[in-house]
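Coordinates in review
As a plain string of letters, each chain reads:
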Amino acid sequence: MAVKVKIPVPLQRLTQGKEEVEGAAGTIISLVNDLDQQYPGLAERISENGKLRRFVNIYVNEEDVRFMKNEETEVKDGDEISIVPAIAGGM
Amino acid sequence: MDFSEEQLMRYSRHIILPEVGGKGQKKISNAKVLMIGAGGLGCPVGYYLAAAGVGTIGIVDNDEVELSNLQRQIAHSMNTLGVNKADSAKKTFEALNTDVNVIAIKERINSENILDLMKDYDIVVDGTDNFPTRYLINDACVMLNKPLVSGAILRFEGQVTTIIPGQGHCYRCLFEEPPPAGLVPSCQEAGVLGVLPGVIGALQATEVLKLIIGKGKPLMNQLLIYDALGVDFRKVKVPKNRDCPVCGENPTITNLTDLPEEYCSI
Ligand SMILES: [Zn+2]
């Protein structure tokens, strides 16, 4: 068992096209670092100096980590994590 | 005003629905919806709202129809290449339904004109292609207390959310800041599956009609994410942020300003 992480389309080229990947349980920031080990470059796109970027949200199941313990939010095996960046296209 | 025989026929599949009925259809006929952008999202949104008989549809767009738009912008055609998009869409929607008063507003929206453009409308639809305008529309809707149905698309992915100021979250509660320029590809570079704005636009039109008739649950305090490749619809919770700079307890944004840079997503 591990944590399932949904990768948004704009970041899927860092995950070899995979829309879902697995990472280790722990805090959000340790998960991000774990994912970066597997898929180099991912951490930089969603975080900066250990803080999540303000235009990228991370959800544990349906909950936004900003309204929990942010980067320190604990995730456990079986949780579903979604990385959701702001997108702006309309035309 | 009562419906004519012809209108009763035209809207019969609405009127027969208990949730709509003659009363709901009247509300639709009296509604005024402002669409910002007559592109990928604006075309399907406007098409369905016109078909539904929304009384007044304002369309703000300053661009002209180009051949590369026709892969997805279904209100335009070979006959309107080079024509202003608001005018082109108006032509299409009026051909579908003469009940609808379509107002083409051939302007680029900015902090100077936005409040004036919005003030006579009940609901605003965001179908724009850049972050500065999205944040501007959000802030203006919060200030004017106008419901906003926001949609965004990129490649194979779309997002929809319904903002009801005073009741639920706003776009800044969802994403605190737009991404800095340089970190994101421009929309022209990014590409989009042609049918994707159809899916997202149809969801936005659905939200608008629900708000008009006052039925169902709006996508308030929620973000719907659609991934076309994985056929995945996901909803996540979007709480109202008490520290939100525009709709929070101590707002720091009380004036509208234009952000210069334009970008699409990470
Ligand atoms: Zn807010």
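What you see is a predicted model; the values in this text were computed from it and never measured.

When helices and strands are counted, chain B shows ten helices and eight strands. Taken over C-alpha atoms, the radius of gyration comes to 18 Å for chain B, in line with the 18 Å a tight globule of 266 residues would show. Across its three principal axes, chain B shows a C-alpha extent of roughly 55 × 45 × 40 Å. Once local pairs closer than 6 in sequence are excluded, the contacts in chain B between residues at least 24 apart make up 67%. Summed over all atoms, the accessible surface of chain B reaches about 11600 Å², with 51% contributed by carbon and sulfur. Positive and negative side-chain charges in chain B, numbering 25 and 31 respectively, have mean positions lying 8 Å apart.

Further remarks concern the sheet that holds strand 8 (residues 232–237) of chain B. Strand pairing within a sheet occurs via backbone hydrogen bonds; the two strands may be parallel or antiparallel. Residues and elements named next belong to chain B. The strand order across the open sheet built from eight strands is 3-2-1-4-5-6-7-8, with neighbouring strands paired in mixed fashion. Pairing within the sheet leaves two strands with one partner each, and these edge strands are strand 3 (101–105) and strand 8. Strand-to-strand, the axes of this sheet are offset by a mean angle of 15°, without reference to chain direction. For strand 6 (residues 157–163) and strand 7 (residues 222–227), the ladder comprises four bridges, and the chain directions are antiparallel. The residue bridging Gly158 from the neighbouring strand is Tyr226, located in strand 7. Contacts from helix 4 (residues 42–52) reach strand 1 (32–36), strand 2 (56–60) and strand 4 (123–126) within the one sheet, and its direction differs from that of strand 1 by about 165°.

Our focus in this paragraph is the interface of chain B and chain A. Taken together, the contacts link 51 residues of chain B with 28 residues of chain A. A buried area of about 3300 Å², summed over both sides, lies between chain B and chain A, and 57% of it is on carbon and sulfur atoms. Applying the counting rule to chain B against chain A returns five salt bridges. Across the pair Arg54 of chain A and Glu176 of chain B runs a salt bridge, and its minimum N-O distance is 3.4 Å. In this structure, the connection of chain B to chain A is made through 14 residue pairs in polar contact (both at pLDDT 80 or more).

Residues and elements named next belong to chain B. At 2.2 to 2.3 Å from the zinc ion lie its protein donor atoms, namely Cys170 (SG), Cys173 (SG), Cys244 (SG) and Cys247 (SG). Considering all four donor atoms around the zinc ion, the spread of angles at the metal, 95 to 120°, places the coordination shape in the tetrahedral class. Positions of the donor residues of the zinc ion, expressed as sequence spacing, correspond to C-x2-C-x70-C-x2-C. Of the two residues, Cys173 sits in helix 8 (residues 171–174) while Cys247 sits in the segment after strand 8, which places them 74 residues apart along the sequence.

Here the focus is the confidence of the model for chain B. With 94% of its residues at a pLDDT of 70 or more, chain B has an overall mean of 94. Predicted complex metrics record ipTM = 0.93 and pTM = 0.95.

Attention now moves to empty space enclosed by the protein. Residues and elements named next belong to chain B. If you walk through the whole model with that rule in mind, you get two cavities of 30 Å³ or more. One number sums up the size of the largest cavity: a volume of about 50 Å³. Forming the walls of the largest cavity are Arg134, Ser150, Gly151, Ala152, Gln159, Val160, Thr161, Tyr171, Leu174 and Leu223. Residue assignment for the lining of the largest cavity shows that the elements contributing at least two residues are strand 5 (148–154), strand 6 and helix 8.

A word on the nonpolar core. Of all hydrophobic cores here, the largest spans 58 residues; its most connected members are Val5 of chain A together with Met118 of chain B. Other than its neighbours up to four places away in sequence, Val5 of chain A contacts Glu19, Glu20, Val21, Leu31, Leu35, Ile81 and Ile83 of chain A. Ile28, Cys43, Ala205 and Leu209 of chain B belong to the second largest nonpolar core, which has 28 residues in total.

Residues and elements named next belong to chain B. For the pair helix 3 (residues 21–30) and helix 10 (residues 196–213), the least separation of the axes is 9 Å and the interaxial angle reads 115°. Relative to helix 10, the element helix 3 lies roughly perpendicular. In this structure, helix 3 crosses over helix 10, and the sense of that crossing is right-handed. On the side of helix 3, the interface is formed by Gly24, Lys27 and Ile28, while helix 10 contributes Leu209, Ile212 and Ile213. Tallied by class, residues from the contact of helix 3 with helix 10 come to four nonpolar, one polar and one charged.

This next bit is on unusual backbone geometry. All names here are of chain A. Notably, Asn61 is not glycine yet its phi reads approximately 55°, a positive angle. Here Asn61 lies in the loop between strand 6 (56–60) and strand 7 (63–64). Its identity as a non-glycine residue notwithstanding, Asn70 has a phi of 50°, on the positive side. As for its position among the elements, Asn70 is in the loop between strand 7 and strand 8 (74–75).

To continue, consider the packing of aromatic side chains. Residues and elements named next belong to chain B. All told, the structure shown has six aromatic pairs over all chains when counted by the stated rule. Between Tyr135 and Tyr171 the ring centres are 5.2 Å apart and the planes differ by 75°, which places this aromatic pair in the edge-to-face class. Here Tyr135 is found in helix 7 (residues 131–144), whereas its partner Tyr171 is found in helix 8, with 36 residues between them in sequence. One exposure class covers both Tyr135 and Tyr171, and it is buried. Sitting over the face of the ring of Phe3, Lys26 holds its NZ or CZ atom 5.0 Å from the ring centroid.

We now examine helix 3 of chain B. Residue and element names in this part refer to chain B. All buried positions along helix 3 are accounted for by Gly21, Gly24, Gln25, Ile28 and Ser29. One face of helix 3 carries all of its buried residues, which in axial projection span an arc of 145°. Opposite the buried face of helix 3, at more than 90 degrees from it, the exposed residues are Lys23 and Asn30. On the buried face of helix 3, the contacting elements are helix 2 (12–15), helix 4 and helix 10.

Definitions and cut-offs
Residues numbered from 1 in each chain as written. Chains lettered and ligands numbered in written order. Predicted model: local features only at pLDDT ≥ 70, side-chain atom pairs only at ≥ 80, totals over all residues. Heavy atoms only, no water. Helix = DSSP H or I, 4+ residues; strand = E, 2+ residues; numbered from the N terminus. Rg over C-alpha atoms; globule rule 2.2 N^0.38 Å. Contact = heavy atoms within 4.5 Å. Areas by Shrake-Rupley, 256 points an atom, 1.4 Å probe, with all protein chains shown as cover. Lys, Arg positive; Asp, Glu negative; His and termini not counted. Charge placed at Lys NZ, Arg CZ, Asp CG, Glu CD. Pairing = 2+ DSSP bridges. Axes fitted to C-alpha atoms, helices over the stretch in contact; angles between N-to-C directions. Buried area = accessible area lost by both parts, 1.4 Å probe. Salt bridge = Lys/Arg side-chain N within 4 Å of Asp/Glu carboxyl O. Polar contact = N/O pair within 3.5 Å; in protein donor to acceptor, adjacent residues only side chain to side chain. Donors = N, O, S within 2.8 Å, 3.2 Å for Na, K, Ca; no water. Tetrahedral: all angles 85-135°; square planar, octahedral: opposite > 155°, others 65-115°. pLDDT = per-residue confidence, 0-100. 1 Å grid on protein atoms, 1.4 Å probe; cavity = no way out; pocket = protein on both sides within 12 Å on 5 of 7 lines; lining within 4 Å. Points joined across faces, edges and corners; volume = space filled by probe spheres on them. Core = buried A, V, L, I, M, F, W, Y, C linked by side-chain atoms within 4.5 Å. Buried < 20%, exposed > 50% of the residue type's maximum accessible area, 1.4 Å probe, protein only. Parallel < 35°, antiparallel > 145°, perpendicular 65-115°, else oblique. Left-handed = near helix turned anticlockwise from the far one by under 90°. Nonpolar A, V, L, I, M, F, W, Y, C, P; charged D, E, K, R; others polar. Phe/Tyr/Trp six-rings, centres within 6.5 Å; stacked < 30°, edge-to-face > 60°. Lys NZ or Arg CZ within 6 Å of the ring centre and 35° of its normal. Arc of directions from axis to C-beta.

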